[in-house]
Amino acid sequence: MSNQRPRRAALTGIGVIAPNGLRADAYWKSIREGLGVLDRITREGCEHLPLRVAGEVRSFDAAALIEERFLVQTDRFSHFAMAATVLALDDAGLGGGDLDDPYDIGVVTAAGSGGGEFGQRELQKLWGQGPRYVGPYQSIAWFYAASTGQISIRGGFKGPCGVVASDEAGGLDAIAHAVRDVRRGTGAVLVGAAEAPLAPYSMVCQLGYPELSTVEDPDRAYRPFTAGACGFAPAEGGAMLVVEDENRARERGAAIRATVAGHAATFTGASRWERSREGLAHAIRGALDEAGCAPEEIDVVFADALGVPEADRAEALAIADALGAHGTRVPVTAPKTGIGRTYCAAPVLDTAAAVLAMENGQVPPTPYVFDICHDLDLVMSSARPAELHTALVLSRGLMGSNAALVVRRGSESAR
């Protein structure tokens, strides 16, 4: 029997394209300061819809980061993912394009609705002008697997590739998938998610969610854990991470920003928020078990924070169920309230925020939230200085998925 130490998955690169920042440093500055960027939706064709407030990525120039031949083949959600990949590779010191072995780098993304804007445009051509006016890329650009495919093709990455379609919690499940690939022998995996749900067709589809906020005041549209909670405001954008074998990363001189220590997932059914209490608590316990982590070791919780009273109550109780008395003392935050909920990309952005928080020794606040009605130590108004070694990231999906992820600060990886 081999006594070789199991391969550990280290996070070495972060790429962010978000409504409040187009790089990890800009994103961190915004969430650390508690800036809220929710605003009226300005996208063409959306003026008449009852969904009025969201988080838009307004200064994104896809052409500055992506070649034209890829832009015309892909939807906005893939543009976000490809741009975030460039940033993540650069951050990890892998942006030179020289790959020792292209089969040693894989790609895994999570996706929800796929390329709605591209699909709507081509369907309008079909019904308005006829089938000869529909472009050939319609067959792939709308597909939820498009980002994984295009990142792989563009970068020449030929390692294990996959797409996780497990609801919004799929963002955390994708990270766990990447970690398993690394433990099985893959050198590095690009993993993350991006969403672009603010095209008219996509927005009409979202109106079927009873959890969606249609409040017109940006300051009140997304206020989880408060008596005025009225649902969530959606957002576009996303993040990509570089997860690689820790030993390989150290050999090439890369900074170990964090290690992914534990993950677990459950399913409790669509909009059954009372049941999500048990399912989320079970996922938390599973993630702690895999990480070999006691509840008292969790230094900060990045909450799912749906903004629906029943769901918020279930999450607060799940944290208490899983962490015991520590659950009412541990700092909890939800920086996503400042930018909106980016569906599958939301927990990936939260994971990036958790790593940045541990590196900087600060728990970012929860924008727009000032008066909570749950037994949580929710960080509000301003960032809280803290010595952070281990973070817990939580996510739930509208269709019933629950997931929890434990990440440790890079300097803690030898523990």
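Residues numbered from 1 in each chain as written. Predicted model: local features only at pLDDT ≥ 70, side-chain atom pairs only at ≥ 80, totals over all residues. Heavy atoms only, no water.

For the chain, an unreviewed UniProt entry supplies the name Ketosynthase chain-length factor and the organism Streptomyces lutosisoli. Checking UniProt for the chain, the heading Sequence similarities (unreviewed entry) contains the comment "Belongs to the thiolase-like superfamily. Beta-ketoacyl-ACP synthases family." (UniProt positions renumbered as here; feature names shortened; annotations may be inferred.)

### Notes on the packing of helix α7 (residues 170-184) against helix α12 (residues 346-360)
One way to put it is that α7 packs onto α12 with a least axis distance of 6 Å and a crossing angle of 65°. Residues G171, L172 and I175 of α7 pack against P347, V348 and T351 of α12. Class assignment for the residues of the contact of α7 with α12 results in four nonpolar, two polar and no charged. (Axes fitted to C-alpha atoms, helices over the stretch in contact; angles between N-to-C directions. Helix = DSSP H or I, 4+ residues; strand = E, 2+ residues; numbered from the N terminus. Contact = heavy atoms within 4.5 Å. Nonpolar A, V, L, I, M, F, W, Y, C, P; charged D, E, K, R; others polar.)

### Description of the packing of aromatic side chains
Summed over the entire model, instances satisfying the criterion amount to four aromatic pairs. Centroid distance F143 to Y144: 4.7 Å. Interplanar angle 55°. Geometry classified as tilted. Ring pairs connect the aromatic residues Y209, F232 and Y343, which therefore count as one cluster. The lysine or arginine in question, R341, covers the ring of F232, its NZ or CZ lying 5.7 Å from the ring centre. (Phe/Tyr/Trp six-rings, centres within 6.5 Å; stacked < 30°, edge-to-face > 60°. Lys NZ or Arg CZ within 6 Å of the ring centre and 35° of its normal.)

### Things to note about the sheet that holds strand β10 (residues 331-333)
With mixed pairing, 11 strands are arranged side by side in an open sheet as β5-β4-β6-β7-β1-β8-β15-β14-β9-β10-β12. A single partner strand is all that each edge strand has here, and the edge strands are β5 (161-164) and β12 (377-378). In the packing of helix α10 (residues 273-291) onto the sheet, the strands contacted are β8 (258-267), β14 (390-396) and β15 (401-409), and the crossing angle to β8 comes to about 145°. (Pairing = 2+ DSSP bridges.)

### A word on the side chain of S78
Among the secondary structure elements, S78 is positioned in helix α3 (residues 76-92). With a relative accessible area of 0%, S78 lands in the buried category. Setting aside residues up to four positions removed in sequence, S78 forms contacts with A146 and S147. (Buried < 20%, exposed > 50% of the residue type's maximum accessible area, 1.4 Å probe, protein only.)

### Observations regarding the pairing of strand β1 (residues 9-17)
Counted residue by residue, β1 has nine buried out of nine residues, so it is predominantly covered. The pairing of β1 with strand β7 (residues 237-245) spans eight bridges and is antiparallel. Residue pairing in the sheet places V16 in a bridge with A239 of β7. In this sheet, β8 lies alongside β1 in antiparallel orientation, the contact comprising two bridges. In the strand pairing of β8, L11 is matched with A258.

### A look at the state of the cysteines
Counted under the stated rule, the structure contains zero disulfides. With no disulfide partner, C205 has as its closest neighbouring cysteine sulfur the one in C46, 12 Å distant. (Disulfide = S-S within 2.5 Å.)

### Description of the environment of P102
Structurally, P102 is set in the loop between α3 and β4 (105-110). For the pair formed by P102 and G159, sequence separation is 57 residues and the distance between their alpha carbons is 6.6 Å.

### Remarks on the pattern of salt bridges
Pairing is possible between side chains that carry opposite charge, provided their charged atoms lie close to one another. All told, the structure shown has 30 salt bridges when counted by the stated rule. With a shortest N-O distance of 3.7 Å, E297 and R408 are connected by a salt bridge. With a gap of 111 residues between them, E297 in the loop between α10 and β9 (300-302) and R408 in strand β15 connect regions that are remote in the sequence. Looking at E297, the relative accessible area reads 26%, which means it is partly exposed. With a relative accessible area of 9%, R408 lands in the buried category. The salt bridge partner of D377 is R384, with a shortest N-O separation of 2.8 Å. D377 gets classed as partly exposed once you look at its relative accessible area, which sits at 22%. A relative accessible area of 29% means that R384 is categorised as partly exposed. Overlapping salt bridges, with partners in common, bring together E168, D304, E315, R341 and R396 in one network. (Salt bridge = Lys/Arg side-chain N within 4 Å of Asp/Glu carboxyl O.)

### Topic: the environment of N247
Inspection of the secondary structure assignment puts N247 in helix α9 (residues 246-251). Sequence spacing of N247 and I339 is 92 residues, and the spatial spacing of their C-alpha atoms is 36 Å.

### Remarks on α3
Helix length check: α3, at 17 residues, gives a terminal C-alpha distance of 24 Å against a target of 24 Å (1.5 Å per residue), a fit within 8%. Counting buried residues in α3 gives 14 out of 17 residues, a clear majority hidden from the surface. N-cap assignment for α3: the residue whose side-chain oxygen lies 2.9 Å from the backbone N of F77 is D75. Phi turns positive one or two residues past the end of α3, at G93, with a value near 75°. (Expected span 1.5 Å × (residues − 1). Polar contact = N/O pair within 3.5 Å; in protein donor to acceptor, adjacent residues only side chain to side chain.)

### A closer look at the nonpolar core
Membership of the largest hydrophobic core comes to 50 residues, with the highest contact counts inside it found for I284, I298, V301, L323, L392 and L394. Secondary-structure elements contributing two or more residues to this core are β3 (53-54), α10, α11 (309-323), β14 and β15. At eight residues, the largest contribution of residues to this core is made by α10. Once residues within four sequence positions are removed from consideration, V301 is found in contact with I319, L323, V330, P331, V332, T333, L392 and L394. (Core = buried A, V, L, I, M, F, W, Y, C linked by side-chain atoms within 4.5 Å.)

### Brief notes about the packing of α3 against helix α6 (residues 146-155)
One way to put it is that α3 packs onto α6 with a least axis distance of 9 Å and a crossing angle of 40°. Compared by their axis directions, α3 and α6 come out oblique. Here the hand of the crossing between α3 and α6 comes out right-handed. In this structure, α3 contributes F77, S78, A81, M82, T85 and V86 to the contact, and α6 contributes A146, S147, Q150, I151 and R154. Split by residue class, the contact of α3 with α6 holds six nonpolar, four polar and one charged. (Parallel < 35°, antiparallel > 145°, perpendicular 65-115°, else oblique. Left-handed = near helix turned anticlockwise from the far one by under 90°.)

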